[in-house]
Amino acid sequence: MPQRNLADPIIVTARRPLWPWLVGAGVVIVGGGATWLMTHQAAAKPTTVTKAPVHHHTTRPTSKFQPQAGTPNYVPKSQPKNGQVFQAMAAINDKYMTWGDQQIAKAIPSIPSRGPNAGMLTPAILNSPWVLKHYPGPKVPTSLAAAGVKLPAGTPANGSIVGLSLGDMQQALKATGFFPQLTPQQLLGAYQTAAKYVMASQGNNPASSIQYNDPYADGGQEDASWFAGSHDNAAWNFIAPASQGGMLPLRQVNYDNWVSFTLNAGNYYNLVKVSPVVSHPSGHVVVGDVGIENITDHIIGSDLVNGKLVIGQYSGSIGEVSLALIKDGSQERWYVTAMSGISGSNTPTQTYWTAPAK
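Residues numbered from 1 in each chain as written. Predicted model: local features only at pLDDT ≥ 70, side-chain atom pairs only at ≥ 80, totals over all residues. Heavy atoms only, no water.

### Things to note about the overall build of the chain
The secondary structure content of the chain amounts to seven helices and nine strands. Buried positions account for 58% of the 358 residues belonging to the chain. Sequence separation of 24 or more characterises 72% of the internal contacts of the chain that already satisfy a separation of 6 or more. When the accessible surface of the chain is summed, it comes to about 14,100 Å², and 54% of that surface belongs to carbon and sulfur atoms. (Helix = DSSP H or I, 4+ residues; strand = E, 2+ residues; numbered from the N terminus. Buried < 20%, exposed > 50% of the residue type's maximum accessible area, 1.4 Å probe, protein only. Contact = heavy atoms within 4.5 Å. Areas by Shrake-Rupley, 256 points an atom, 1.4 Å probe, with all protein chains shown as cover.)

Have a look at this one:
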């Protein structure tokens, strides 16, 4: 494995998150896992996905897609009151995560609907009698260590964000001139949040990424449209046919995940202004059109490759994550409003383990 730029790695805990927590002027949301290369979140520009099956892949419609019957809409028409904005947004997102976990458990009885592992795919669940009966295949190693996999020196830790610094943010603001109202610390929070959202949305519990959403974006249809676009079924990422990247048919589980940025010192091409500009919750948007482009997601996970179970490293490109900075009183938090342009391959760039022949 080639050595990477490990400057300023930022580590995030790899357990299932429920609530964002504040760090400085931006938000850092505890993320975990990594469902691979699914198109998740609506986009201001058309979403593109490779036609070949990709690791942990499903599709998501544009934000104009209206929720289908059976998809709850927990976004109230009224705006939250001052001092209650973050609480209100978290409550909406938590309702969708809870509902999603219930839908997943209905489709896959081995996955719990409550508790810290709600909605979460694990090696033990992939190896459970119910899953093996309905989605047969070789058993998946319980961990990298159980498979005898020792990652190369310099491999970023699970949940790392590689290639960011305050100096990069200062240069990006100066080079583009896009967001004069933001400080380097605030912009760093946007990059961090975009990266953590990617890791969660590509994770072993993709529904957990809803915590990042601005539920008031696009007329309050962001959360509901995601479920509607997943065949009105939060479990679709798990049970989709292998040709569409279903995690159970392809025996997919992720062991490690990290995101890297390669910033262009000449023009900082990965910082853009997006449209339309987010304006809700009304009176609380500091900036609503920040776009982070060309994010690279790295996953070490299991997959069926040419009929053989392997553990390998997969890399994919996220075209753009759009964010809004919301302020309530003296606190600020970044929320994701869109993601687009996801591409990747089922072919691992590195193979660390192949199941022994029977």
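### Topic: the packing of helix H4 (residues 166-176) against helix H5 (residues 184-201)
Between H4 and H5, whose axes approach to 9 Å, the crossing angle comes to 105 degrees. By the criterion of interaxial angle, the relationship of H4 to H5 is roughly perpendicular. Taking contact as the criterion, the partners of Leu 166, Met 169, Gln 170, Ala 172 and Leu 173 in H4 are, on H5, Pro 184, Gln 185, Leu 187, Leu 188 and Tyr 191. Residue composition of the contact of H4 with H5, by class: eight nonpolar, two polar and no charged. (Axes fitted to C-alpha atoms, helices over the stretch in contact; angles between N-to-C directions. Parallel < 35°, antiparallel > 145°, perpendicular 65-115°, else oblique. Nonpolar A, V, L, I, M, F, W, Y, C, P; charged D, E, K, R; others polar.)

### Observations concerning the nonpolar core
If you look at the biggest cluster of nonpolar residues, it comprises 42 residues, and the most contacted ones within it are Leu 121 and Leu 248. Contributions of two or more residues to this core are made by helix H1 (85-107), helix H2 (123-126), helix H6 (222-229), strand S4 (254-260), strand S7 (308-328) and strand S9 (350-354). Looking at this core, the element that brings in the most residues is H1, giving eight residues. Non-local contacts of Leu 121, meaning those with residues more than four positions away in its chain, are made with Ile 111, Leu 126, Asn 204, Phe 238, Met 247, Leu 248, Gln 252 and Val 253. Counting 35 residues, the second largest nonpolar core, distinct from the first, contains Leu 188, Leu 263, Ile 292 and Leu 323. (Core = buried A, V, L, I, M, F, W, Y, C linked by side-chain atoms within 4.5 Å.)

### A closer look at the pairing of strand S8 (residues 331-343)
Along a regular strand, successive side chains alternate from one face of the sheet to the other. For S8, a buried count of 11 out of 13 residues is recorded, marking the element as mostly surrounded by other parts of the structure. Sheet analysis places S7 next to S8, joined by 11 bridges and oriented antiparallel. Within S8, the residue paired with Ile 318 across the bridge is Ile 342. Between S7 and S8, which pair antiparallel and follow one another directly, the connecting turn spans two residues, one of which, Gly 329, has a positive phi of 65 degrees. (Pairing = 2+ DSSP bridges.)

### Description of the side chain of Asn 93
Looking at where Asn 93 falls in the secondary structure, it is placed in helix H1. Accessibility expressed as a relative area gives 2% for Asn 93, which makes it buried. From its side chain, Asn 93 meets the backbone oxygen of Asn 213 in a polar contact 3.0 Å long. When residues no more than four places from it in sequence are discounted, the contact partners of Asn 93 are Ile 210, Gln 211, Asn 213, Pro 215 and Asp 223. (Polar contact = N/O pair within 3.5 Å; in protein donor to acceptor, adjacent residues only side chain to side chain.)

### Some remarks on the packing of aromatic side chains
The geometry of an aromatic ring pair is captured by the separation of the ring centres together with the interplanar angle, meaning the angle of the planes. Scanning the model with the defined rule gives six aromatic pairs in all. For the pair Phe 178 and Phe 179, a centre-to-centre distance of 6.1 Å together with 75 degrees between the ring planes defines the contact as edge-to-face. The exposure class assigned to Phe 178 is partly exposed, which follows from its relative accessible area of 29%. Relative accessible area serves as the criterion here: at 2%, Phe 179 is assigned to the buried category. (Phe/Tyr/Trp six-rings, centres within 6.5 Å; stacked < 30°, edge-to-face > 60°.)

### Considering the environment of Gly 291
Looking at the element boundaries, Gly 291 is found in strand S6 (residues 285-305). With 48 residues separating them in the primary sequence, Gly 291 and Met 339 have C-alpha atoms 9.3 Å apart. Apart from the residues lying within four places of it in its own chain, the contact partners of Gly 291 are Asn 270, Leu 271, Val 272, Val 274, Glu 320, Val 321 and Ser 322.

### Digging into H5
Its 18 residues place the ends of H5 26 Å apart at the C-alpha level, agreeing with the 26 Å of an ideal helix rising 1.5 Å per residue. The element H5 is extensively covered by neighbouring structure, given that 17 of its 18 residues are classed as buried. (Expected span 1.5 Å × (residues − 1).)

### Concerning the environment of Pro 136
Looking at the secondary structure, you find Pro 136 in the loop between helix H3 (129-134) and strand S3 (161-162). By relative accessible area, which is 59% here, Pro 136 ends up exposed.

### Re the confidence of the model for the chain
Here the chain averages 79 in pLDDT, while 78% of its residues score no lower than 70. Averaged over each element, pLDDT in the chain is lowest for strand S1 (residues 21-23) (24) and highest for H3 (97). (pLDDT = per-residue confidence, 0-100.)

### Some remarks on unusual backbone geometry
In this structure, the amide linkage connecting Ser 275 to the following residue, Pro 276, adopts the cis form with an omega of 5 degrees. Phi angles above zero are rare outside glycine, and Tyr 268 is one such case at about 45 degrees. The backbone phi angle of Asn 294 is positive, close to 55 degrees, even though this residue is not glycine. Topologically, Asn 294 is positioned in strand S6. Its relative accessible area of 33% is what places Asn 294 among the partly exposed residues.

### Focus on the environment of Pro 206
Among the structural elements, Pro 206 can be located in the loop between H5 and H6. It is 9.7 Å that separates the C-alpha atoms of Pro 206 and Gly 100, two residues lying 106 residues apart in sequence.

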